[in-house]
Amino acid sequence: MFNYFANPTRYLRLASKLQPMAVLVTLLTTGLGLYYALFQSPPDYQQGETVRMMYVHVPAAWMAMFCYVTLACSSAAALIWRHLVANIIAKSTAPIGACFTFLALTTGSLWGKPMWGSWWVWDARLTSVLILFFLYLGYMVLYNAFDDTSRGARAAAILSLVGVINIPIIKFSVDWWNTLHQPASIVKMGGPVVHPSMLTPLILMSAGYTALYFWILFIRTRAELNTHKIHALHIRQAGG
Amino acid sequence: MPDLFVNFLSMDGYGSFIWGAFGLSAIVLISLLIQSQRFLKFSEAELRSLQETEAFDDET
């Protein structure tokens, strides 16, 4: 199946079919999620109203990691099988992942100030997410650093594979080190410990962010495939 | 009614942090969506123009 969709034409056909669904799911789940997050979910018994920031912070942090794993897997496929579509998915995922990571950091900072009394602390979770942000920036810079785009793509793919070690560090940082950041309360052994009234908007917002990722990914991959064709046409026209 | 709205906006005194987080998320994600859409439109226009030029060159 993977080889089947490595063909750009087949991929474009699939993307154009799935994009309207991604748009619909984004609008429905985000709209419903915002309604539950702002009007239906109760304030936390300790954190009060500030807990509402969880509904934009946690999905952004999950998507930051999800995008990086997607970037690394696509990069591996591009390196091993030299699939154009895999390379384009990796390239298109990088700016989306960087935006989600930026939002995880900034919304976390906005949450940290009233709860911890500080915009930033150099603890393991925050520092490892900051490193993730730099990995995204490094990937994008390296990709565009060479005149020969295939060399840039290869170098950036290798960087993304090296950087994947940071993902388990982010996930388990709250267990391995003493940290101000709260431990996992959703994805953990024994199931989530969050009350359904808070879990519902969190799941809806996470579904909305995931669908938004695919919506933007389909747009960007179509644009990148066009850019690839433009490059090929330029070369053909220059060759006469 | 206006009191209810003011209380909702104030979020127990944490309104600037909460609305800041929601607002920033909306701005960043909507900007990314618009930028991606513009990138697609621009690439489609450039590709169409190049294909038309090539078709014209082939005819002449």
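Just so it is clear, the structure is predicted and the values come from calculations on it, not from any experiment. Each chain carries its own residue numbering, running from 1 in the written order of its sequence. To read the labels, note that chains go from A and ligands from 1, taken in the order they are written. The predicted nature of this model means local features are confined to residues of pLDDT at least 70 and side-chain atom pairs, given and counted, to a pLDDT of 80 or more, with totals for whole chains, interfaces and linings taken over all residues.

Draft legend 1. Representation of the overall build of chain B. Across its full length, chain B holds 2 helices and 0 strands. Restricting the calculation to C-alpha atoms gives the radius of gyration, and the globule rule supplies 2.2 Å times the number of residues raised to the power 0.38. By the compact-globule yardstick of 10 Å for 60 residues, chain B is too spread out, its C-alpha radius of gyration being 24 Å. Across its three principal directions, the C-alpha atoms of chain B cover 75 × 20 × 5 Å. Numbering of helices and strands starts at the N terminus; helices are DSSP runs of H or I of at least 4 residues and strands are runs of E of at least 2.

Draft legend 2. Local environment of the overall build of chain A. Helices and strands together make up the secondary structure of chain A, namely 7 helices and 0 strands. Ordered by position from N to C terminus, the α and β elements of chain A give α-α-α-α-α-α-α. Taken over the C-alpha atoms alone, chain A extends approximately 70 × 35 × 30 Å along its principal axes. A total of 240 residues make up chain A; the buried ones form 40% of that total. For the exposure call, what matters is how many other C-beta atoms sit within 10 Å of a residue's own: 20 or more marks it buried, 12 or fewer exposed, and in between partly exposed, using C-beta atoms placed from the backbone.

Draft legend 3. Local environment of the interface of chain A and chain B. Each partner contributes to the interface: chain A provides 30 residues, whereas chain B provides 24 residues. Counting only elements with at least two residues in the side of chain A that touches chain B, the list comes to α2 (54-81), α3 (84-116) and α7 (196-238) of chain A. Among the elements that make up the side of chain A that touches chain B, the one with the highest residue count is α7 of chain A (12 residues). Residues are grouped as follows: Ala, Val, Leu, Ile, Met, Phe, Trp, Tyr, Cys and Pro are nonpolar; Asp, Glu, Lys and Arg are charged; all remaining types, including Gly, are polar. When grouped by side-chain class, the residues that make up the side of chain A that touches chain B number 16 nonpolar, 8 polar and 6 charged. With C-beta atoms placed from the backbone, a contact is any residue pair whose C-beta atoms sit within 7 Å.

Draft legend 4. Quick look at the nonpolar core. A set of buried residues drawn from Ala, Val, Leu, Ile, Met, Phe, Trp, Tyr and Cys, joined through C-beta atoms within 7 Å, is what defines a nonpolar core. Ala 60, Ala 64 and Phe 100 of chain A are the most contacted members of the largest nonpolar core, which has 67 residues in total. Elements represented by at least two residues in this core include exactly α1 (8-40), α2, α3, α4 (124-143), α5 (149-163) and α7 of chain A together with α2 (15-59) of chain B. With residues up to four places along the chain from it excluded, the contact list for Ala 60 of chain A reads Phe 100, Leu 103, Ala 104, Thr 107 and Tyr 209 of chain A together with Ser 25 of chain B.

Draft legend 5. Representation of the packing of α3 of chain A against α4 of chain A in the model. All names here are of chain A. Two elements in contact, α3 and α4, have axes separated by 9 Å at closest approach and are oriented at 150 degrees. Classified by the angle their axes make, α3 and α4 are roughly antiparallel. The two elements α3 and α4 cross, and the hand of that crossing is left-handed. Here Lys 91, Ala 94, Pro 95, Gly 97, Ala 98, Thr 101, Phe 102, Ala 104, Leu 105 and Gly 108 of α3 lie close against α4, whose contacting residues are Leu 126, Val 129, Leu 130, Leu 132, Phe 133, Tyr 136, Leu 137, Tyr 139, Met 140 and Tyr 143. When its residues are assigned to classes, the contact of α3 with α4 shows 16 nonpolar, 3 polar and 1 charged. The convention used is that axes are lines fitted to C-alpha atoms, helices contributing only their stretch in contact, and that angles between N-to-C directions extend from 0 to 180 degrees. Here the angle decides the label: under 35 degrees means roughly parallel, over 145 means roughly antiparallel, 65 to 115 means roughly perpendicular, and every other value means oblique. The sense of a crossing depends on the near helix, which, turned anticlockwise from the far helix by less than a right angle, makes the crossing left-handed and, turned clockwise, makes it right-handed.

Draft legend 6. A look at α1 of chain A. Residues and elements named next belong to chain A. The largest bend along α1 measures about 30 degrees and falls at Leu 18, with the proline Pro 20 one to four residues further on. Residues Tyr 11, Ala 15, Ala 22, Thr 26, Thr 29, Thr 30, Gly 33 and Ala 37 constitute the buried set of α1. Where α1 is buried, its residues meet α2, α3 and α7. Two axes enter the definition of the bend at a residue: one is fitted to the seven residues ending there, the other to the seven starting there, and the bend is the angle between them.

Draft legend 7. Representation of the environment of Leu 199 of chain A. Assignment of secondary structure puts Leu 199 of chain A in helix α7. Sequence separation between Leu 199 of chain A and Phe 134 of chain A is 65 residues; the distance between their C-alpha atoms is 30 Å.

Draft legend 8. Just unusual backbone geometry, in detail. Positive phi, normally seen in glycine, also occurs at Arg 82 of chain A, with a value near 55 degrees. Look at Arg 82 of chain A and you get partly exposed, because 13 C-beta atoms sit within 10 Å. Unusually for a residue other than glycine, Met 11 of chain B sits at a positive phi of about 50 degrees. By the element assignment, Met 11 of chain B lies in the loop between α1 (2-10) and α2.

Draft legend 9. Region of interest: α2 of chain B. Expected helix span is computed as 1.5 Å times (number of residues minus one). Taking 1.5 Å per residue, 45 residues should reach 66 Å; α2 of chain B reaches 65 Å between its end C-alpha atoms and fits that length. Those residues of α2 of chain B that sit buried are Phe 17, Ile 18, Ala 21, Ser 25, Leu 29, Ser 36 and Ser 43 of chain B. Against α2, α3 and α7 of chain A lie the buried residues of α2 of chain B.

Draft legend 10. Examining the environment of Thr 26 of chain A more closely. Residue and element names in this part refer to chain A. In this fold, Thr 26 is placed in helix α1. Classification of Thr 26 as buried rests on a count of 22 C-beta atoms within 10 Å. Once residues within four sequence positions are removed from consideration, Thr 26 is found in contact with Gly 208, Ala 211, Leu 212 and Trp 215.

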